[in-house]
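An overview of the molecular structure
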Amino acid sequence: MKVLVIGPGGREHALVRSLLDDPFVTEVHAAPGNAGIARDVPVHAVNAQDPAAVVALARELGSSLVVVGPEAPLAAGVVDALQEAGIPAFGPTRAAAQLEASKAFAKEIMAVAEVPTAMARVATNSTEAADALDAFGAPYVVKDDGLAAGKGVVVTDDREAALAHAQECFGAGGSVVIEEFLDGPEVSLFVISDGYHAVPLAPAQDFKRIFDGDEGPNTGGMGAYSPLEWLPAGFVDDVMERVARPTITAMADRGTPFAGVLYCGLALTRRGIRVIEFNARFGDPETQAVLARLKTPLGSLLLAAANGTLDTIEPLTWRSKTAVGVVLASARYPDAPVTGDVITGLDAAAELDGVSVLHAGTALDDDGATVSAGGRVLAVVGLGRDLAGARERAYAGIGKIALEGGQYRTDIALRAAQGGVTIEQEGN
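Our subject in this report is the structure included herewith.

Each value, and the rule that gives it
Residues numbered from 1 in each chain as written. Predicted model: local features only at pLDDT ≥ 70, side-chain atom pairs only at ≥ 80, totals over all residues. Heavy atoms only, no water. Salt bridge = Lys/Arg side-chain N within 4 Å of Asp/Glu carboxyl O. Buried < 20%, exposed > 50% of the residue type's maximum accessible area, 1.4 Å probe, protein only. Helix = DSSP H or I, 4+ residues; strand = E, 2+ residues; numbered from the N terminus. Contact = heavy atoms within 4.5 Å. Pairing = 2+ DSSP bridges. Axes fitted to C-alpha atoms, helices over the stretch in contact; angles between N-to-C directions.

**Notes on the pattern of salt bridges**
Counted under the stated rule, the structure contains 17 salt bridges. Between R409 and D411 there is a salt bridge, with its nearest N and O atoms 2.9 Å apart. Overall, the relative accessible area of 1% leaves R409 in the buried class. A residue is classified by how much of its surface remains accessible, and D411, at 15% relative accessible area, is buried. The network of salt bridges with shared partners includes E71, E100 and R281.

Put into structure tokens, the structure is as follows:
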């Protein structure tokens, strides 16, 4: 099987690495890729959001499967174009990708499917926003209705800051979803779907804030770990029964079946599971940690989802290891990332036992050196017998890498490793 991976980031590098491990995959290409992906497979300078260009490249390469990574190409209809050309594509159509592209649409689907989620209001102007903020009270949760690369959400006790974020969204011609705040630890669960059948991957937890202790502004994600030993028994089954399958059924019933990855962002509140958000693709950086543990051949799994045969696959198998991924970000990320600085120590980190380096915002300069080319530059994933061992390896790896002004959190998975993650139940 020849596979083409669309996208430039860390999620795509993790997908490429896993596909290369699949004995049924004979060839992997990426477009546009990054400096790290280019060291592993051929890359092609194609605009990932241009459906015709992606189709032309897939035809030229004779691709058996195209895996679309980021949200923007999905919203641009790349999967629709590939399907019309008769090329198997993993990812939802533009209509199905509305589950991520519009948070208001996602709330409508959740209401139809009776999926537990936060109470919410859609606001299109300042008066509506102010009323909604007052109705729910602090902490205030304000979400840009459209795509924002994981950074369109503000959670704050400052009413003026919440209102200011809403004003920014209105000024850009958008609307906002204002929600009640959900307490409790957050969990990411990726569910592979062919539009009618669904298979869950292992749960993960990511860390959105830029600084240790969950301080500072939201980012696209500063690290993740998997599995989550502190989850209650039956958690995944519960999410599949109450969240994933009803959502997939509701999407099929409206004539827009969802095939691809349904990313369920969940909060374990005192009142039980609540959906924070849906995404229509693999999450970054959770993918780096989750796929590091997957033993089942990835290409065959994704092709089954693209072809509508997910119900015929064998149960997934996993490595009996724990994975911790730590993201290295550029100076001044997330506000004004500095790019173009040389990154050193990449090979030294990758040579460590149980350590892998997955590139995100990287490129090659004129001298052939690897330089930063985005806010989140790379992730170092450590595999260990337990959380402590995986953390030790991840941080040993990132300690080998140097980037001027580079920043990373030192507490990824620390609380869980210390047994400090708890789930409060009503009545306790």
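**A few points about unusual backbone geometry**
Here the residue pair S226 and P227 is connected by a cis peptide bond, since its omega of 0° sits within 30 degrees of zero. The topology assignment puts P227 in the loop between β14 (223–226) and α10 (235–253). A cis amide bond, omega 25°, links D284 with the succeeding residue P285. The backbone of D214 shows a phi angle near 55°, a positive value even though the residue is not glycine. Note on placement: D214 falls in the loop between β12 (209–211) and β13 (215–218). Phi at R332 is positive, roughly 65°, even though this residue is not glycine.

**Structural notes on the side chain of S372**
Of note, S372 is situated in strand β21 (residues 370–372). You can call S372 buried: its relative accessible area is 2%. Setting aside chain neighbours within four positions, we find S372 in contact with S330, V338, T339, G340, D341, I343, G361, V377 and L403.

**Quick word on the sheet that holds strand β7 (residues 153–156)**
One open sheet accounts for four strands, arranged β5-β8-β6-β7; its pairing is antiparallel. Each edge of the sheet is formed by a strand with only one pairing partner; in this case those strands are β5 (120–123) and β7. Taken pair by pair, the neighbouring strands of this sheet meet at an average axis angle of 20°, ignoring direction. Relative to strand β8 (residues 176–179), β5 runs antiparallel, the two being bridged by four bridges. When the sheet's bridge partners are listed, A120 is paired in β8 with E179. Sheet contacts for helix α7 (residues 103–113): β5, β6 (140–144) and β8; angle to β8, the most-contacted strand, approximately 50°. With respect to the sheet, helix α9 (residues 159–171) is in contact with β5, β6, β7 and β8, its orientation differing from that of β6 by roughly 10°.

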